[in-house]
Amino acid sequence: FCVKGHRKPTTRCNDWYNENLPFFNLHHRIHASILRWILIYSPSKVNILIEFKAYQACRNPELDIRYWRTGTGFEVDFILDDMSVAIEAKRSSKVHSTHTRGLRAQLDEHRVKKAIIDALEKHPRRLESGLKVLPWQDFLERLWAGELGV
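Calculation rules
Along every chain, residues carry numbers that run from 1 in the direction the sequence is written. Local features in a predicted model are, by the rule used here, given only for residues with pLDDT of at least 70; side-chain atom pairs are given and counted only at 80 or more, and totals for whole chains, interfaces and linings are based on all residues. Each side-chain value is derived from all of the structure's non-hydrogen atoms; neither hydrogens nor water enter the calculation. We call a residue buried when its accessible area falls under 20% of the maximum for its residue type, exposed when it is over 50%, and partly exposed in between, using a 1.4 Å probe and counting protein chains only. By the criteria applied, helices consist of DSSP H or I runs no shorter than four residues and strands consist of E runs no shorter than two, each listed in order from the N terminus. Throughout, the arc means that of the directions going from the helix axis to the C-beta atoms. Strand pairing is assigned whenever DSSP detects at least two bridges linking the two strands. Lining residues are defined by having an atom within 4 Å of a point belonging to a cavity or pocket. Those points lie on a 1 Å grid over the protein atoms alone, cavities being sets where a 1.4 Å probe fits but cannot get out and pockets being open sets with protein on both sides within 12 Å along at least five of seven lines. Grid points are joined across faces, edges and corners, and a volume is the space filled by probe spheres set on the points. Gly is put with the polar residues, along with every residue not named as nonpolar or charged; the nonpolar set is Ala, Val, Leu, Ile, Met, Phe, Trp, Tyr, Cys and Pro, and the charged set is Asp, Glu, Lys and Arg. Side-chain rings of Phe, Tyr and Trp, where Trp is taken by its six-membered ring, are said to pair if the distance between their centres is within 6.5 Å; with planes under 30 degrees apart they count as stacked, over 60 as edge-to-face, and otherwise as tilted.

(A) Local environment of helix H3 (residues 101-109). For H3, the full list of buried residues reads Gly102, Leu103, Ala105 and Gln106. Along the axis of H3, the buried positions cluster into a sector of 165 degrees, meaning they face one direction only.

Listed below in C-alpha cells is the structure:
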C-alpha cells in the first residue's frame, strides 16, 4: 500500500492481508492499513471484500484477492486470481466516465479477462468504453453462481 508522499513509479499488485486481525485465519489475511482506509472511506468496498472472503472460504480457498495501483495514483479496488477479474466498487447510483479511470488505466497496462464496476445502479449496462456496470445484487449473484470465472 502506498503511503501518501511515497509513491513508487511502477505498477504493483498488493495482498489484502494482516495476520493480526482475529476474524480472519492466517491464510486469509487483510493488510491493516488497507482495512482502516476502506472502513473509513468506503463501506461498499468492505462489503464486497467480506463477500470475497466468504466466497474464498466456501468455494475457492486458492482465490487470490489483491488491489492494483499505479505510481500516478490510478487504482482498481479488487484484482482476482492474477488479473483474471478486475472489479471497481462504487457507491454511485450513476456511474460516469470519471469512475472508470482506474479500470481503464489497468486495462491499458494488463490483459484482464473481465472488468466490472459494482455500483448502486438499478440495471446492468455497458459503458461506451465497453466496461460492464452491475448493480451490487447482480454482482453478488454472479459471483456465487460462478459466473465471474474465479
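(B) Region of the structure containing the pairing of strand E7 (residues 132-135). As judged from the four bridges shared by strand E5 (residues 114-119) and E7, these two strands associate in the parallel manner. Looking across to E7, one finds that isoleucine 116 is bridged to lysine 132. Pairing analysis gives two bridges linking strand E6 (residues 125-126) to E7, with the strands arranged antiparallel. For arginine 125, the partnering residue across the bridge sits in E7 and is valine 133. Where E6 folds back onto E7 in an antiparallel hairpin, the turn is made up of five residues, including glycine 130, whose phi is positive at roughly 95 degrees.

(C) Spotlight on the layout of surface pockets. Within this model, the second largest pocket holds a volume of roughly 190 Å³. Within the lining of the second largest pocket, the residues separate by chemical class into one nonpolar, five polar and four charged.

(D) Structural detail: the packing of aromatic side chains. Enumeration according to the criterion identifies three aromatic pairs in this entry. On the basis of an interplanar angle of 75 degrees and a centroid distance of 6.0 Å, the ring pair of phenylalanine 52 and phenylalanine 139 is categorised as edge-to-face. Of the two residues, phenylalanine 52 sits in helix H2 (residues 43-58) while phenylalanine 139 sits in helix H4 (residues 136-144), which places them 87 residues apart along the sequence. Judged by relative accessible area, which is 0%, phenylalanine 52 ranks as buried. With relative accessibility at 0%, the residue phenylalanine 139 sits in the buried group. Each ring, one from tyrosine 55 and one from tryptophan 144, has its centre 5.2 Å from the other, and the planes form 75 degrees; the classification is edge-to-face. With tyrosine 55 in helix H2 and tryptophan 144 in helix H4, the pair connects residues that are 89 residues apart, well separated along the chain. Note on tyrosine 55: relative accessible area 5%, which makes it buried. For tryptophan 144, a relative accessible area of 23% puts it in the partly exposed group. Of the aromatic side chains, those joined through ring pairs into one cluster are Phe52, Phe78 and Phe139.

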